[in-house]
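A look at the structure
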Amino acid sequence: MSKTTVSSNINDVDKVQHNFIENVAIDISYAFSRFISQPMTTLIIVLTLALSIGATTAIFSVVNGLLFQATPFKDSDKLVILQQQDLSRQQNYGFSATEIIDFSAQSQTFEEMSEYHNMTFTMYGNGDPVRVRTGVVSSNFFNMLNLTPIHGRVFTESEDDIGAEPLVVLTYEFWQKEFNGKTDIIDQSVEFNNRSHKIIGVLPHFPQFPDVNDVYMAIPSCPWRSSENALSNRGMRMMSGFARIKENYSLADVNTDVANIAKQLGGTYPEAYAENANVSASALSLHDELVRSSRPYLYTLLATTLLLFLIAVANVTNLTLSQHAKRKREFAVRSSLGASKARLAQLLLTESILLSLFGGLIGLLFAFLGLGFLKDLASNFSSLASEISIDSTVMLFALFISTFSGIIAGIVPSFGKIDLVSSLKEGGKSSYSTDHGFLRNTLLVGQFALSLTLLIAAGLTIKSLNNLQSVDVGFSAKHVEISQVDLNWTVYNNAQQRWQISQQILQEVRKLPNVTSSALSMTYPNDTVGVNYNKVRQAVQLDDRDFNADDRLPETFIRPITDGYFDLLESNLLMGRDFTADDDDNGALVAIINKKLANQWWPNESAINHNISFDQGQTWLTIVGVVENIREGGAAVESSFQIYRPMAQASAAHIAILAKYEGSQASNFTATFTQDIKDIVARLDSRQPLSKFETLQKAADNSVALQRFLAQLLTMFSVIALVITISGVSGVMGYMVNLRTREIGIRMAIGADKAKVLLLILSYGIKLTFIGLVVGITGAYFSGNWLASQLFGINGFDAIIYGSALMSLLFISIAACFIPAWRASSIPPMVALKQ
Amino acid sequence: MSNSKTLININNLSKIYHTDGTQTHALKAISLTISQGDYVTIQGPSGGGKSTLLSIIGLLDKATSGEYKISDVSVAKLSQSQMAKVRNKEIGFIFQDFNLIGDMTVSQNVELPLIYRGVKKSARKAKVDEVLARVNMTERAHHLPNQLSGGQQQRVAVARALVGNPTLLLADEPTGNLDSVNGDSVMQLLSELNEQGVTICMVTHDSRYAHFSNRTINLFDGEIVSHSSGVTPDDAKSVQEHVKIVASQIAVEA
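Quick caveat, the model's predicted, so the values are computed rather than measured. (Residues numbered from 1 in each chain as written. Chains lettered and ligands numbered in written order. Predicted model: local features only at pLDDT ≥ 70, side-chain atom pairs only at ≥ 80, totals over all residues. Heavy atoms only, no water.)

**Here we look at the overall build of chain A**
Each helix and strand in chain A was counted, giving 25 helices and 22 strands. Counting only C-alpha atoms, chain A reaches 110 × 60 × 50 Å along its principal axes. Here chain A holds 835 residues, and the buried ones make up 55% of them. Partitioning the contacts of chain A with sequence separation of at least 6, the portion at a separation of at least 24 is 81%. Here chain A contributes 63 positively and 74 negatively charged side chains, and the mean placements of these two sets differ by 16 Å. (Helix = DSSP H or I, 4+ residues; strand = E, 2+ residues; numbered from the N terminus. Buried < 20%, exposed > 50% of the residue type's maximum accessible area, 1.4 Å probe, protein only. Contact = heavy atoms within 4.5 Å. Lys, Arg positive; Asp, Glu negative; His and termini not counted. Charge placed at Lys NZ, Arg CZ, Asp CG, Glu CD.)

**Points about the environment of A:Val480**
Tracing the backbone shows A:Val480 in strand E12 (residues 480–486). Sequence-distant contacts of A:Val480, that is, excluding residues within four places in its chain, are made with A:Leu568, A:Leu658, A:Ala659, A:Lys660, A:Thr695 and A:Leu696.

**Details of the sheet that holds strand E8 (residues 199–203) of chain B**
All names here are of chain B. The 6 strands lie next to each other as E6-E7-E8-E3-E9-E10, forming an open sheet whose pairing is mixed. With partners counted over all chains shown, the strands left at the sheet margins are strand E6 (91–94) and strand E10 (223–228), one partner each. Neighbour-to-neighbour, the strand axes of the sheet open up by a mean angle of 20 degrees, direction not taken into account. Note: strand E9 (residues 215–220) against E10, 5 bridges, orientation antiparallel. Note on E10: the bridge partner recorded for Thr 216 is Ser 228. Running over the sheet, helix H2 (residues 80–90) touches E6 and strand E7 (168–172) and is turned about 80 degrees from E6. (Pairing = 2+ DSSP bridges. Axes fitted to C-alpha atoms, helices over the stretch in contact; angles between N-to-C directions.)

**Looking at a nonpolar patch on the surface**
Residue and element names in this part refer to chain A. A contiguous nonpolar surface patch, about 900 Å² in accessible area, is contributed by Met 40, Leu 43, Ile 44, Leu 47, Leu 51, Leu 361, Ile 362, Leu 365, Phe 366 and Leu 369. Contributions of two or more residues to the nonpolar patch are made by helix H3 (39–68) and helix H12 (341–378). One can find Leu 47 in helix H3. Taking relative accessible area as the criterion, Leu 47 reaches 39% and is therefore assigned partly exposed. (Patch = residues over 30% accessible without salt bridge, like charges linked within 9 Å, V, L, I, M, F, W, Y side chains within 5 Å. Areas by Shrake-Rupley, 256 points an atom, 1.4 Å probe, with all protein chains shown as cover. Salt bridge = Lys/Arg side-chain N within 4 Å of Asp/Glu carboxyl O.)

**Things to note about the interface of chain B and chain A**
At the interface, 40 residues of chain B touch 36 residues of chain A. For the pair chain B and chain A, the summed buried area comes to about 3500 Å², and 57% of that belongs to carbon and sulfur atoms. It is B:Lys85, B:Asp103 and B:Tyr116 that lose the most area in chain B upon contact with chain A, and together they represent 19% of the buried surface on that side. For A:Arg329, the salt bridge is made with B:Asp97, and the minimal N-O distance between the two is 3.4 Å. At the surface where chain B touches chain A, the tally comes to 8 residue pairs in polar contact (both at pLDDT 80 or more). Among the elements of the structure, helix H1 (50–57), H2, helix H3 (106–117) and helix H4 (121–134) of chain B are those that each provide at least two residues to the side of chain B that touches chain A. Counting residues per element, the side of chain B that touches chain A draws most heavily on H2(B), at 8 residues. Residue composition of the side of chain B that touches chain A, by class: 17 nonpolar, 9 polar and 14 charged. (Buried area = accessible area lost by both parts, 1.4 Å probe. Polar contact = N/O pair within 3.5 Å; in protein donor to acceptor, adjacent residues only side chain to side chain. Nonpolar A, V, L, I, M, F, W, Y, C, P; charged D, E, K, R; others polar.)

**Points about unusual backbone geometry**
Residue and element names in this part refer to chain A. Its identity is not glycine, yet Asn 526 carries a phi of approximately 70 degrees, on the positive side. Inspection of the secondary structure puts Asn 526 in the loop between strand E13 (515–521) and strand E14 (541–542). Even without a glycine there, the phi angle at Asn 609 is positive, about 75 degrees. When you line up the elements, Asn 609 lands in the loop between helix H18 (595–601) and strand E18 (611–613). Relative accessible area serves as the criterion here: at 55%, Asn 609 is assigned to the exposed category.

**Quick look at the pairing of strand E8 (residues 195–202) of chain A**
Residue and element names in this part refer to chain A. When strand E5 (residues 151–152) meets E8, the two strands line up antiparallel, connected through 2 bridges. Considered in E8, the bridge of Gly 152 is made with Gly 201. As defined by bridge partners, strand E6 (residues 167–170) adjoins E8 across 4 bridges and the pair is classed as parallel. Across the sheet, Leu 170 pairs through a bridge with Val 202, a residue of E8. Relative to E8, strand E7 (residues 189–192) runs antiparallel, the two sharing 4 bridges. Directly across from Glu 191, in E8, lies its bridge partner Ser 196. Here E7 folds back onto E8, and the loop between the two strands holds 2 residues, one of which, Asn 193, carries a positive phi near 55 degrees.

**Some details on the sheet that holds strand E2 (residues 22–35) of chain B**
Picture the strands of a sheet paired through backbone hydrogen bonds; they go either parallel or antiparallel. Residue and element names in this part refer to chain B. On the basis of which strands lie adjacent, the open sheet formed by 4 strands has the order E2-E1-E4-E5 and antiparallel pairing. Two strands lie at the open edges of the sheet, namely E2 and strand E5 (73–74), each paired on one side alone. Pairing of strand E1 (residues 6–19) with strand E4 (residues 65–70) involves 5 bridges; the strand directions are antiparallel. The partner of Ile 8 across the bridge, within E4, is Ile 70. Most of the contacts of H1 go to E1, to which it runs at about 120 degrees, and overall it touches E1, E2 and E4.

Set out below in structure tokens:
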């Protein structure tokens with residue numbers, strides 16, 4: 001060997017770089033032999049990663065679909081929903097036809113404004129009559145959302161003109177359901193109420209907002225929208241406004257712009273507004289509105305799964321450290337043969353990333369399998385649920401977190417220094433403390449801390465759900481079947497007709513066997529459709545005080561009901577009486593109010609026999625009863641102010657038929673009820689369709705779907721975290737026992753008994769657990785406070801939940817430490833000393 | 001000792017271990033040279049510093065002070081990465097515990113130094129086949145180490161040490177875990193390699209095998225207490241003949 005040779009070897013440009021791909025292939029091949037020779041370790045690592053990556057990816061797919069992904073509409077960040085407000089009364093409202101024209105003409109910040117309102121029609125001419133949820137929109141609505149029909153066309157601008165031919169386009173779902181996806185329906189006509197409408201197109205699937213409709217109808221096709229009143233009355237604000245922001249303008253610009261226009265219109269047309277109204281308008285991002293209610297829950301879930309992922313990464317890193325420690329001799333041999341530190345790190349990284357990718361792949365499979373379940377759950381609270389998918393973004397995310405975990409688990413052991421001489425001689429026997437002991441303990445402490453945080457978060461979420469379900473909502477949902485009927489308002493075009501058919505339906509329902517009580521109502525608790533109907537917008541005049549038009553009456557609703565409604569719901573009548581059959585259209589006008597309204601109006605006296613008027617004294621309603629507060633918007637939402645009126649005196653086109661079944665078979669009556677109601681309505685009016693069937697319990701369950709979704713998933717993630725932590729504790733303690741076997745032998749040789757050895761190992765594990773739990777309490781406190789601000793009825797620091805979580809983790813830790821501790825105490829001293 | 005060019009030049013080299021404030025002088029002012037083609041045995045009692053010296057010569061460890069040159073190039077202050085490169089290209093190791101990688105076959109173990117050197121696959125295969133044939137292990141190329149006897153494992157280790165054509169072969173108690181028959185076989189192999197020009201530096205307890213070398217260095221308490229120029233020709237001949245007979249028996253078994 002010459003001087004030149006050694007010098008050139010020292011300063012050699014590493015040829016290994018030239019063979020990078022081949023080296024990776026060699027490392028992969030070697031990694032596979034290792035995985036096969038270490039099946040249990042490989043399985044534990046892959047499963048740990050698969051569970052955490054699967055959970056994180058699945059939740060990310062939901063968050064991505066609902067929050068991160070732009071809506072499928074073109075430039076959706078430019079789409080806004082417009083609304084007007086009376087700031088002095090804190091009331092929001094929509095737009096009238098003339099206001100839409102004014103806003104469109106005067107705005108400087110948005111390109112165009114489209115209008116939308118929702119109606120219910122009855123469709124004839126395609127088999128049985130069908131109740132059709134209909135969005136009535138201006139022709140630019142589809143262009144604004146960048147929706148291109150999959151068949152036919154959408155409306156043209158000229159088809160917005162009053163008097164144009166009635167046209168509809170079908171949503172994809174309705175087309176599939178009612179027309180079996182047939183393409184020859186284009187240009188066919190169907191009847192909507194009493195008018196023939198031509199089907200001109202089929203829309204692709206898209207997330208609908210603010211309502212899920214079956215069809216979309218052009219403006220002139222809607223009898224209400226094309227009526228003289230709607231066209232000329234500036235106060236008929238039934239439409240929502242959508243707009244697309246111009247290039248170079250922001251949401252803030254639009255807000256300023258529309259507020260100015262509203263103020264100016266308020267000054268120009270004061271008669272179109274309430275007295276002393278402080279008129280304004282604002283714009284909301286369409287995407288923000290679509291996800292507003294679910295955003296905090298989704299962020300909670302994502303944070304939770306990321307915690308779970310971190311627990312898994314810590315666990316896998318710990319396992320890899322243990323594996324690496326057992327391979328010291330191998331790495332020393334490789335090093336003696338010329339492998340550089342970087343080359344060894346490459347080998348570790350290759351193995352670790354490969355394992356992580358396997359875990360990620362299986363995790364992705366788990367995510368695929370769970371996707372349907374998550375979409376079903378998410379559909380209960382977001383119309384964007386259909387957009388949730390494992391798309392390329394989600395796959396990239398899975399790849400990213402898999403690679404990340406692989407890099408962390410692979411790189412951490414690479415930082416350790418191998419003593420080549422001792423490793424080559426003795427295989428690198430070392431003590432626990434010198435062998436990444438601190439790092440190993442830190443990772444374990446981190447796992448405990450994160451697991452505790454997760455466990456407490458799950459506990460708080462479950463408690464919140466329980467609190468929600470045990471709230472006194474003012475009614476009982478047990479065994480109540482519901483069917484909704486949207487009367488064809490062209491046929492039933494006056495109060496008398498509506499009440500007549502309603503009364504007939506009720507009479508027939510009351511004849512049904514096993515129905516113990518029944519009633520009709522315009523809406524019912526947790527009814528997602530009718531809950532906002534009949535909101536009182538004007539001040540109510542009371543008989544014992546002067547009328548003030550500025551009196552604010554927030555969230556007050558008029559609920560037409562029949563007698564028996566409160567009995568059926570088991571809602572307590574606190575004062576006075578229920579409605580009777582005598583409270584008909586010929587009787588005195590009466591009302592029942594809820595306790596909240598009674599306390600508002602007459603806090604110090606009985607509300608009974610007081611009179612109220614909605615028309616400034618022209619007609620008066622006598623209050624005949626006070627009923628307990630019913631939470632109609634869900635258990636988490638305080639009861640609104642309620643005024644109940646007899647349906648005979650305040651008929652409704654949207655009718656809910658409620659029937660209570662009793663007896664041992666009560667839970668199986670849904671099918672019977674459905675058929676019975678179909679028969680009854682068909683007998684009374686064969687052209688009147690039914691809208692919807694559900695049970696009151698199902699409606700109540702749906703109202704807490706989001707909270708249940710959160711609680712179920714958090715519980716599942718906590719269980720996974722616990723399993724991972726148990727395996728982590730067992731692994732680390734087992735490894736520690738291996739390293740300390742000789743020490744244990746020495747201790748036993750000089751007199752330590754089995755109990756002392758057991759205690760030695762257990763106390764080590766318990767010490768680490770305690771440190772982890774102390775750190776975890778801090779994390780849990782912060783996450784608990786955040787959860788308390790988002791969830792219903794919980795305190796961020798709940799002593800019972802904290803105590804239970806602490807005790808559970810402590811117990812689990814002791815149990816996980818016990819097996820290695822017992823093994824250590826059972827080793828004969830002579831065997832231990834020979835280690 | 002041959003009159004060839006100096007390969008290893010160690011001057012005033014010391015190694016001190018620091019443990020909890022205590023200093024242990026493993027090597028004290030060692031100076032020695034090894035020429036190309038030498039067969040040097042390092043002997044001495046346990047704790048005398050033999051393995052420490054061999055580790056420093058093999059660039060597995062660094063001296064605390066002193067000068068160490070390989071082919072007149074100072075290697076005392078090389079980085080870990082540079083040391084790895086020199087180990088890979090210039091030095092072959094044979095260990096008492098064989099130190100084969102258990103998850104790799106015989107041929108994969110032997111191939112490893114060439115992979116780290118960046119040799120192309122086709123060239124690697126030819127070289128591995130050649131070197132396995134040289135140690136009579138061709139038939140076992142696809143076996144795992146745990147399927148081999150101790151002697152066979154050490155022959156594989158020798159093959160791995162030789163595969164990169166090192167100019168210096170370091171053997172640390174190469175017969176320490178072998179019975180005498182297998183030990184003799186391995187020593188015969190080393191002797192043949194030395195005859196082919198490979199410089200060998202060996203640590204051994206077994207004074208019988210010291211006779212194979214042409215120089216013996218005795219270490220005691222970290223210091224060189226004596227140098228000897230090797231065995232007498234008659235001693236060497238009788239031992240080597242005995243070893244050749246045993247080696248031929250092993251070759252038949254293999």
